[in-house]
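As a plain string of letters, each chain reads:
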Amino acid sequence: MVKHRKTVETLEPYRPGKPISEVKRELGLTDVIKLASNENPLGCSPKAVEALIKWTNEVSLYPDGNCTELRNALAEKFKLDPGQFLFGAGSDQILEIIAQTYINPGDSTITGWPSFSRYEAVTRIMDGNIIRVPLTRDYRFDLDGILNSITDTTRIIWVCNPNNPTGTIITAEEQKAFLKKVPRHVLVVLDEAYYEYARGGDYPESTALLDEYDNIIILRTFSKAYGLAGLRIGYAISNKEIIELLNRVRGPFNVNAAAQAAALAALGDQEFVQRSVQNNEEGKRCLYQAFEEMGLEYIPTHTNFIMVNVEKNSVEVFKALLQKGVIVRSGDIFDMDNWLRVTIGTPEQNRRFIEALKEVLQR
Ligand SMILES: *Cc1c(COP(=O)(O)O)cnc(C)c1O
């Protein structure tokens, strides 16, 4: 037997939302909807599909390892320097690159809990330790608790804003006050995977802080509002020095050419993003109303998913919903045993989920 790293024994594989094909096969169902992975229920921009079809003529060529066109388009959009961007096969891969760049064995990182599970995984893969600070009573990141947990070994703070799975945000004001107190030798990763759904109101425009703080990395993705989850492309925004370091760790052709072509076209179709956000707002209101009618507690959300308290074991409710062809996420993986996380769908999908939930809970 080849000897593996001891650390690997302590890791658990990521548990993704159940794919539609698997549910169809296992349960003999033909009509299945998936509201489990926060994908865009409207699909993606038709312009992205067009770009993909054109791209098929170039499959034999390596991609542009620098993502030049997309980099320039984003720099233009955010009025930043092209050197302030780094691209990854999903922002998931950028989390890995950040961990590989900054975490030595024995270093630690801090995040909230429940939150996105990959912060812990990428830390532990590098033989680091993660401190999970419980969310506040209103399911928000406890920024004071996080500040109090900083020690000499702290390298990174992962801030999920809005937070997955609770959909809550920290406000621009809270984030500013927080960053002022974080020592400059600690990196703050602002994971804004749901930026397009959350923006406006009290939600921070974090790019405006890049001049003032040299210890922040902002993460965005094309997987959620842009609807390109299957292609795997996300990006980091930071200062040129940090990006230059991350770029040494990044693999040469880590973002495939199809993803680059589609993302560039999708970026040019903001009308589609607006339509997606609007569908989400309408679906949100519809689900809130249904939960209220059923007498179920829910967490008001700034994202395209909602946590709802079903007041019984959510794994069982999850399984009962599966039987009706509706895939959601049970809260057990987030230590929220009686909660379900449901992605906001099309009006038709939302109605179907509500009907199924009413039957399962008999409410
Ligand atoms: C979905 C998600 C990501 C990862 O998205 P990619 O598809 O890897 O770009 C990162 N962070 C959070 C909080 C997410 O929910």
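Since this is a predicted model, take the numbers as computed values, not measurements.

> Sorry, what's going on with the pattern of salt bridges here?
A pair can form between side chains of opposite charge whenever their charged atoms are brought close. A full pass over the atoms with the stated rule returns 21 salt bridges. A salt bridge links arginine 155 to aspartate 107; the shortest N-O distance between them is 3.1 Å. With arginine 155 in strand E5 (residues 154-160) and aspartate 107 in the loop between helix H4 (90-102) and strand E3 (108-113), this residue pair connects regions lying 48 residues apart in the sequence. Among the ionic pairs, aspartate 214 bridges to arginine 184, the shortest N-O distance being 3.7 Å. You can see aspartate 214 sitting in the loop between helix H8 (195-198) and strand E7 (216-221) and its partner arginine 184 sitting in the loop between helix H7 (172-181) and strand E6 (187-191), a full 30 residues away along the chain. We classify aspartate 214 as partly exposed; its relative accessible area is 48%. Since its relative accessible area comes to 45%, arginine 184 is described here as partly exposed. Salt bridges sharing common partners tie together Lys18, Glu22 and Glu26.

> For this particular structure, what's the right way to read the nonpolar core?
If you look at soluble globular proteins, the nonpolar side chains tend to sit buried side by side. The biggest cluster of nonpolar side chains holds 74 residues, and the ones touching the most others in it are Phe85, Ile98, Ile157, Trp158, Phe178 and Phe222. Considering every element that reaches this core, the biggest residue donor is helix H10 (residues 257-267), with six residues. In contact with tryptophan 158, not counting residues within four places along its chain, are Leu95, Ile98, Thr109, Ile110, Thr111, Gly112, Tyr119, Val122, Thr123, Ile130, Phe141 and Val189. If you look at the next biggest cluster of nonpolar residues, it comprises 31 residues, including Val308, Leu321, Val326 and Val360.

> Sorry, what's going on with the UniProt feature "domain: Aminotransferase class I/classII large" (unreviewed entry) in the chain here?
Following the UniProt record, the feature "domain: Aminotransferase class I/classII large" (unreviewed entry) maps to residues 30-357 here. Along residues 30-357, the helical share is 39% and the strand share 17%, with 19 Å between the first and last C-alpha atoms.

> I would appreciate a short explanation of the environment of glycine 167 in the present structure.
Locating glycine 167 in the fold gives a position in the loop between E5 and H7. Residue class for glycine 167 comes out buried when judged on its relative accessible area of 0%. The spatial distance from the C-alpha of glycine 167 to the C-alpha of arginine 140 is 8.6 Å, given a sequence separation of 27 residues. Sequence-distant contacts of glycine 167, that is, excluding residues within four places in its chain, are made with Pro162, Pro300, Thr301, His302, Thr303 and Phe305.

Cut-off values and rules
- Residues numbered from 1 in each chain as written.
- Predicted model: local features only at pLDDT ≥ 70, side-chain atom pairs only at ≥ 80, totals over all residues.
- Heavy atoms only, no water.
- Salt bridge = Lys/Arg side-chain N within 4 Å of Asp/Glu carboxyl O.
- Helix = DSSP H or I, 4+ residues; strand = E, 2+ residues; numbered from the N terminus.
- Buried < 20%, exposed > 50% of the residue type's maximum accessible area, 1.4 Å probe, protein only.
- Core = buried A, V, L, I, M, F, W, Y, C linked by side-chain atoms within 4.5 Å.
- Contact = heavy atoms within 4.5 Å.
- UniProt positions renumbered as here; feature names shortened; annotations may be inferred.

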